[in-house]
Amino acid sequence: MSTETMSVSRKYRKRSKLGEIWHHLKKNKGAMTGLGILIVMFAVALTIDFWLDMEKVIGQNISQKLQAPNSLHWFGTDEMGRDMFWRVVYGSRYSLAIGFVAVMVSLAVGVPLGAVAGYYGGKVEGLIMRITDIFSAIPSILMGVVIVSILGSSTFNLMLAVGISSVPNFVRITRAAVLTVKNEEYVEAARALGKTDLYIIFRHILPNCLSPIIVQTTLRVASAIVSASSLSFLGLGIKPPSPEWGALLTAGKTYIRGYSYLCLFPGLAIMITVLAFNMVGDGLRDAMDPKLKR
Amino acid sequence: MHKYIIKRILMLIPVTIGVSLLVFVMLDLAPGTVVDIIGGEMTTEEIAELNHELGYDRSVFYRYFIYMKGLLHGDLGTSYIYKVDVWKLYMQRLPATLQLAGASVFLAIVLSIPLGIKAATKHGGVTDNLSMVAALLGLSMPNFWLGMMLIVLFSNQLGWLPSYGATDGFKSLILPAFTIGTGLMATLTRTTRSSMLDVLRADYLRTARSKGVPEKKVVKKHALKNALIPIITIIGTQLGNAVGGAVVTENVFAWPGVGRLIIDAINQRDTNTVTGCIIMTTVMICIIQVVVDVVYAFVDPRLRAQYASAKTRKKPEKVQGGAAA
Amino acid sequence: MKRSLSVVLAALLAVSLAGCGKSGGSDATTAAAGGAQPGTEAAAAGSEAAGAGDSSEKNYREHLTIAFESQITEMDPQGNGNANEIHAKLFSMTHDTLFKYNVETGELEPNLATEWDWLDDACTKLHVKLRDDVTFQNGNPLTAEDVAFTLDRVSSDTQITNYYDHTEVQGDHELTIVLKTGNVDFVYILSRPFDSIVNKAAVEADPDFGATIGTGAWINDLDGYVAGDTIELKRNDNYWGEVPKTKSITLVYIANSSSRLMALESDEVQLIYKLASTEIDMAKGNSKIEVKEFPTTRLYYFAFNTAAGPGTDVNLRKAVAYAINKEDLIAAVGDTGAMVAESFYGSAMAYLTTEFDEKITYDVEKAKEYVAKCGGNTSLKLMANTGDGIFKTMSEVLQEQFRQVGITLEIEEVDSAGISANTKYASATHESMIYSIGTNTWDSDMGRLFSVGTNSNKAIVDDSRISELLIEGSACVDPEQRASYYKEIQAINNDQCYYVPLYYSSTTIAYTAGLEGIVINPTGYFDYSHICLPE
């Protein structure tokens, strides 16, 4: 079989596979609900700067402080009299961005490392896996403190901190996936054709272990949002007055005894977002791997 | 088997060296040292003296070298802040962390495995759907937020349970254990269900059924045993996570565990304490992993044979990542 | 401002509760019933000469627990890490000082020292006589050697080290303390719990924990010590003064204020320090709890780095000073008992003044005028401590207030260690910051905030006139002369706006109804030695 026909047939297969995945996904009610929620959230997050007056988000009015949810302020107001509803809505920008960028960071670092470890095995694998062990032993909060303090506290650095702490997950998942396909015939064939290792990894191996990685990605977006908000909760967040959800929770923590709504709504927002990602992730897994379909 | 355990323990050595080096370098990169914390009102000379005493006038590698020299003699160092042996500090906090870890895992096992089995056997039924929705919810809730909401409900509003610390015995354990346990319960229910489903469809069970073995027995005798491997893996991983100290949850509940100790030490730049505790956590996780592997061998004779021949072993992979820290 | 001073003093008087008196049972219930009215005198306020009358017939709860909001990390009064005033509460139980400051009268009283006097006019030689009936908890008698040893070992406290030179021991119970530069206030400084006397022999025998042995009413039981979490205290039955009625006390650390309150409500602890402002009313509604709010001498301030960056421009500093609405700030942090600070000075200090040529109050127009003079350089970075929610809230409020007058404030969040590292006098990198300081009652204490090279000098002030005034002020015995020195310092700061004073905070304690023997001190140096709960 020549390389041309192989790649052509693969392309063809790939296209139909995408269609098939969508076909399966469409039938999954949970995944479609999740997808719907996410689409709305993304639409809001991407366009909010055009239709929402920032004054509503950051404008303070101390005389209106700590009002319980009412018809004017749906989610109540915080200790500076800012409307919690708009702050939570505006916060979606940060949380979604953090989720995505953080996971991109861990994908970019984790997948190649995992692939190399799985493909070469032996000492290389040993080394990479030990380094992974070392990194996973470091509490993410320490990672957060260090990154945020070296590079300053900014949204991107928070993303970086969260991203780096979930690199070990991707290394392990990718390695495991690579192990399952590296001895397949098509890999042997490519090797016999004298292709370089790099070519084989990126053209043959990785495309065939995408599904666990994609599934892990959606699930990790969810947990990245949660861990970013935990870091934020422990005081390593985004610069004020940006209403990141974790930061809102931290601020509300002080008032939890009498004004628990200050914590309730940002927490619910995190929960719903993460839930949506998880539902889509579950759906994707089922759709991509019919064998696993439950 | 012995060979394998020894190999596992030997592997701790490079990991420990790497972890401690990383902690040292990272804390060195963070702004401020412990001298800034304790030397607030000191004169410049005294600060210089203290810096010298603690090695902060030399490079981080020098301090690391000194620490490792101590570690070789089994000395985890002395806390700069509390002036107590880190080993002692760690041991003071470990029981609370183990209690919490144990309680949350116990809670998860007791609730999730039966639920997962039921969901799998009644696949597509009401229990199945409900438990899956609940599990998904459980996975999606930020731990600390759940903790706070539980405090508001059960401590503030209803006044049933204490909200802080470990002073009230069993009662004070409930809320934090449930908070940490939620993620685990969710993961475990899902894992149990999916691995049971895998097994229930397997050919040998079909054979057993066709031979007229009653369904209950099929589930109990054959299916569960074979579905245990991924379940044990998840429990092991989660127990490993939990002995590291559930940092945020311990913070919310003022739980006197290892996680809070590490956080406080990081904030105070108490390098020895941070390093010592993380090394101990690494060791604990390794012990748990070894135990899990031994349990595998008991559950699955095939694996036992594999260990016996001491071949390179393929550990059953995690079914999916656990809940976030 | 005179008024605010008198408010502090009045509050002091109103809330200082003496000894365990006869007010128990019935009184307690009446007061508890009246607990709905804020500020009513608590039952515990029934002050009666300690040990009088029927107190011996009453039963007291044997064990009490006190919950603190921050960690006690240091059990050695002269240790390195005790800058936080929380430690003072421990030391005043386990140790004793030479002198005791009476918060009601504002007078120094004898404690371990029976009498003292300055041997010279310049206040450099202090002669002290000690009690001869005091023993340490390890059985060793207190001698002048121990006092000399204690003062010699102070290293981490510029308030001592800037003045103290050496001690001449004259026999077992007499000594002379010699200072480098004169300081009238030195006796007051020595009344702080950080200068409690430790036993030389004990410290030399056990350098790590020997200093936990004091002469105080409470013995630090190291067996029950969980570092960073719990401290167990046992009653010292051989105490030279009045022996406490409670047998043992546990000090625990509960960071979250809601958790502290709930622990109090469920009787897990009997005394808590600091309630969140939003919880005060809730706690007052509970008849089993008594709540005391009182002003403190803790001063919150805004400091520029006046040595480098935008803070070197006096116009920007003034613009900021006019832009800050302190009432709103107080409302946002929810500190209902806080007092606006008009001068950068301790609220309980004698020479506080607010009479300045240019009175700086919240004035948007004025602020804009000064902004206009800045020549466009109107952006400023503020270093905020992430470790404390108050600073976070304050920085956000300031950000908004500055925006109103055209100053852009960028908030840099750093944790506590980062704050101390980045704002050291010699290597400060901040442009501005908000911070607080627990001011003492004596005037020379302000020196910490203006002295060149001191790390408490967060504005990196290097003003030769102020330095001069500080030296003259501390060595001056004439009250009028002293007043003029210290008032000039305040006027210079008002003029230059190195620091912008924000407010004096208030704080709260809450305790199980009926608890007696709490002495409140606005400087934070509480003494819980004699708390007891009649049953």
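Residues numbered from 1 in each chain as written. Chains lettered and ligands numbered in written order. Predicted model: local features only at pLDDT ≥ 70, side-chain atom pairs only at ≥ 80, totals over all residues.

Undergrad: How should the overall build of chain C be read in this particular structure?
TA: Along the backbone of chain C there are 17 helices and 17 strands. Within chain C, the proportion of its 535 residues that are buried is 56%. In chain C, 71% of the contacts between residues at least 6 apart in sequence involve partners at least 24 apart. (Helix = DSSP H or I, 4+ residues; strand = E, 2+ residues; numbered from the N terminus. Buried ≥ 20, exposed ≤ 12 C-beta atoms within 10 Å, placed from the backbone. Contact = placed C-beta atoms within 7 Å.)

Undergrad: Please explain the overall build of chain B as it appears in this structure.
TA: For chain B, the count of helices and strands is 14 helices and zero strands. Going from N to C terminus, chain B has its helices and strands arranged as α-α-α-α-α-α-α-α-α-α-α-α-α-α. For chain B, with 325 residues in total, the buried portion stands at 52%. Taking the contacts inside chain B whose residues are at least 6 apart along the sequence as the reference set, 75% of them involve residues at least 24 apart.

Undergrad: How do you make sense of the environment of B:Met11 when you look at a structure like this?
TA: Residue and element names in this part refer to chain B. By the element assignment, Met 11 lies in helix H1 (residues 2-29). Judged by the 15 C-beta atoms lying within 10 Å of it, Met 11 falls in the partly exposed class. Residues Met 11 and Cys 286, 275 residues apart in the sequence, show an inter-C-alpha distance of 9.3 Å.

Undergrad: Is there a simple way to think about the interface of chain B and chain C in this case?
TA: Accessible area lost upon the coming together of the parts is a frequently used measure of interface size. Residue-level contacts link 33 residues of chain B with 36 residues of chain C. Looking at the side of chain B that touches chain C, the elements that each hand over two or more residues are helix H2 (34-38), helix H3 (44-54), helix H5 (86-121), helix H7 (143-157) and helix H12 (258-267) of chain B. The class makeup of the residues in the side of chain B that touches chain C is 13 nonpolar, 13 polar and seven charged. (Nonpolar A, V, L, I, M, F, W, Y, C, P; charged D, E, K, R; others polar.)

Undergrad: Looking at this structure, how should I read the pairing of strand E16 (residues 432-438) of chain C?
TA: Residue and element names in this part refer to chain C. One ladder, built from seven bridges, connects strand E12 (residues 289-304) with E16; its direction is antiparallel. Looking at E16, one finds that Arg 298 is bridged to Gly 438. Sheet topology note: the strand E14 (residues 379-385)/E16 ladder contains two bridges and is parallel. Each bridged residue has a counterpart across the sheet, and for Met 383 the counterpart in E16 is Met 433. (Pairing = 2+ DSSP bridges.)

Undergrad: Help me understand the sheet that holds strand E5 (residues 125-130) of chain C, please; the structure alone is not making it clear to me.
TA: Strands belonging to one sheet form pairs held by backbone hydrogen bonds; the direction of such a pair is parallel or antiparallel. All names here are of chain C. Pairing is antiparallel across the open sheet formed by four strands, whose spatial order is E4-E5-E7-E6. With partners counted over all chains shown, the strands left at the sheet margins are strand E4 (113-118) and strand E6 (164-169), one partner each. Sheet twist, expressed as the mean angle between neighbouring strand axes with direction ignored, is 20 degrees. Inspection of the sheet shows E4 paired to E5 by five bridges, in the antiparallel sense. Residue pairing in the sheet places Asp 117 in a bridge with His 127 of E5. (Axes fitted to C-alpha atoms, helices over the stretch in contact; angles between N-to-C directions.)

Undergrad: Just to check I follow, could you spell out the confidence of the model for chain B for this structure?
TA: Parts of the prediction with low pLDDT should not have their coordinates interpreted in detail. A residue-level look at chain B finds 89% of positions with pLDDT of 70 or above and a mean pLDDT of 80. With pLDDT under 50 throughout, residues 310-325 of chain B is counted as low confidence; its partners more than four residues away or in other chains account for 40 contacts. (pLDDT = per-residue confidence, 0-100.)

Undergrad: It is not clear to me how the domain arrangement of chain C should be interpreted in this structure. Could you clarify?
TA: Residue and element names in this part refer to chain C. For chain C, the assigned domains read domain 1 (38-288) and domain 2 (295-506). Relative placement of domain 1 and domain 2: their C-alpha centres are 31 Å apart. Per-class residue counts for the side of domain 1 that touches domain 2 are five nonpolar, seven polar and three charged. (Domains from an automatic or database assignment.)

Undergrad: Help me out: how do you make sense of the interface of chain B and chain A in this one?
TA: Counting from both sides, the interface comprises 38 residues of chain B and, opposite them, 40 residues of chain A. Counting only elements with at least two residues in the side of chain B that touches chain A, the list comes to H1, helix H6 (126-140), H7, helix H8 (169-200), helix H11 (247-252), H12 and helix H13 (271-299) of chain B. Considering each element in turn, the side of chain B that touches chain A owes the most residues, eight residues, to H1(B). Grouping the amino acids of the side of chain B that touches chain A by side-chain chemistry returns 28 nonpolar, nine polar and one charged.

Undergrad: Where do I start with the packing of H5(B) against helix H10 (residues 215-243) of chain B in this structure?
TA: Helix-helix packing is described using two parameters, namely the angle between the two axes and the distance between the axes. Residues and elements named next belong to chain B. At their nearest, the axes of H5 and H10 sit 10 Å apart, and the two run at 150 degrees to each other. Of the possible angle classes, the one that applies to H5 and H10 is roughly antiparallel. Our pair here, H5 against H10, has a crossing hand that is right-handed. In contact with Thr 97, Leu 98, Leu 100, Ala 101, Ser 104, Val 105, Ile 109, Ile 113, Ile 117 and Thr 121 of H5, H10 contributes Val 219, Leu 224, Ile 231, Ile 235, Gln 238, Leu 239, Ala 242 and Val 243. Of the residues in the contact of H5 with H10, the class split is 14 nonpolar, four polar and no charged. (Parallel < 35°, antiparallel > 145°, perpendicular 65-115°, else oblique. Left-handed = near helix turned anticlockwise from the far one by under 90°.)

Undergrad: Mind showing me how you'd approach the environment of C:Lys288 here?
TA: All names here are of chain C. Position of Lys 288 among the secondary structure elements: in the loop between helix H9 (277-284) and E12. The exposure class assigned to Lys 288 is partly exposed, which follows from the 14 C-beta atoms found within 10 Å. Separated by 92 residues in sequence, Lys 288 and Leu 380 place their C-alpha atoms 49 Å apart. Those residues in contact with Lys 288 that sit more than four places away from it in its chain are Thr 512 and Ala 513.

Undergrad: Where do I start with the pairing of E12(C) in this structure?
TA: On any regular strand, side chains alternate: one points to one face of the sheet, the next to the other face. Residue and element names in this part refer to chain C. Counted residue by residue, E12 has 15 buried out of 16 residues, so it is predominantly covered. Strand direction decides the pairing type here: E12 and strand E17 (residues 499-512), joined by 12 bridges, are antiparallel. Bridged to Val 291 within E17 is Ala 510.

Undergrad: Before we go on, may I ask you to explain the domain arrangement of chain B in this structure?
TA: Residues and elements named next belong to chain B. When the domains of chain B are assigned, the result is domain 1 (13-71) and domain 2 (86-305). Centre-to-centre separation of domain 1 and domain 2, based on C-alpha positions: 36 Å. Sorting elements by how many residues they give to the side of domain 1 that touches domain 2 places H1 first, with seven residues. Considering only residue class, the side of domain 1 that touches domain 2 consists of nine nonpolar, four polar and no charged.

Undergrad: Whenever I open this one, unusual backbone geometry confuses me. Can you help?
TA: Where the residue is not glycine, phi is negative for most of them; where a peptide bond is considered, it is trans in most cases. Positive phi values are uncommon outside glycine, yet B:Lys83 reaches one of about 55 degrees. On the secondary structure map, B:Lys83 appears in the loop between helix H4 (60-72) and H5.

Undergrad: Could you clarify how one ought to interpret helix H12 (residues 245-253) of chain A in this entry?
TA: In an α-helix, one turn spans 3.6 residues, which is why side chains three or four residues apart end up on the same side. Within H12(A), nine of the nine residues are buried, which leaves the element mostly enclosed by the surrounding structure. Listed in full, the buried residues belonging to H12(A) are A:Trp245, A:Gly246, A:Ala247, A:Leu248, A:Leu249, A:Thr250, A:Ala251, A:Gly252 and A:Lys253.

Undergrad: In this structure, what is going on with the nonpolar core? I would like to understand it.
TA: Across soluble globular proteins, nonpolar side chains show a tendency to be buried alongside one another. A:Ile98, B:Ile262, B:Cys277 and C:Ala510 are the most contacted members of the largest nonpolar core, which totals 225 residues. With 17 residues, the top contributor of residues to this core is helix H4 (residues 84-120) of chain A. Residues C:Tyr345, C:Leu380, C:Leu409 and C:Ala459 belong to the second largest nonpolar core, which totals 68 residues. (Core = buried A, V, L, I, M, F, W, Y, C linked by C-beta atoms within 7 Å.)

Undergrad: Can you walk me through the packing of H4(A) against helix H7 (residues 155-165) of chain A in this structure?
TA: Residue and element names in this part refer to chain A. The N-to-C vectors of H4 and H7 enclose an angle of 50 degrees; their axes lie 8 Å apart at closest approach. If you check the angle between H4 and H7, you find them oblique. Regarding H4 and H7, the two cross each other, and that crossing is right-handed. Seen from H4, the contacting residues are Tyr 94, Ile 98, Val 101, Ala 102, Val 103, Val 105 and Ser 106; seen from H7, they are Thr 155, Leu 158, Met 159, Leu 160, Val 162, Gly 163 and Ile 164.

Undergrad: Got a minute to help me understand the environment of C:Asp237 in this structure?
TA: Here C:Asp237 shows up in the loop between strand E9 (230-235) and strand E10 (248-253). Distance from C:Asp237 to C:Thr353, taken between C-alpha atoms, is 47 Å for residues 116 residues apart in sequence.

Undergrad: Would you mind going over the confidence of the model for chain C with me for this structure?
TA: Residue and element names in this part refer to chain C. Residues with a pLDDT of 70 or more make up 89% of chain C, whose mean pLDDT is 84. Considering only residues more than four positions removed or in separate chains, one finds that residues 1-55, a stretch of pLDDT under 50, has 91 contacts. Under the prediction, the complex receives an ipTM of 0.74, its pTM being 0.79.

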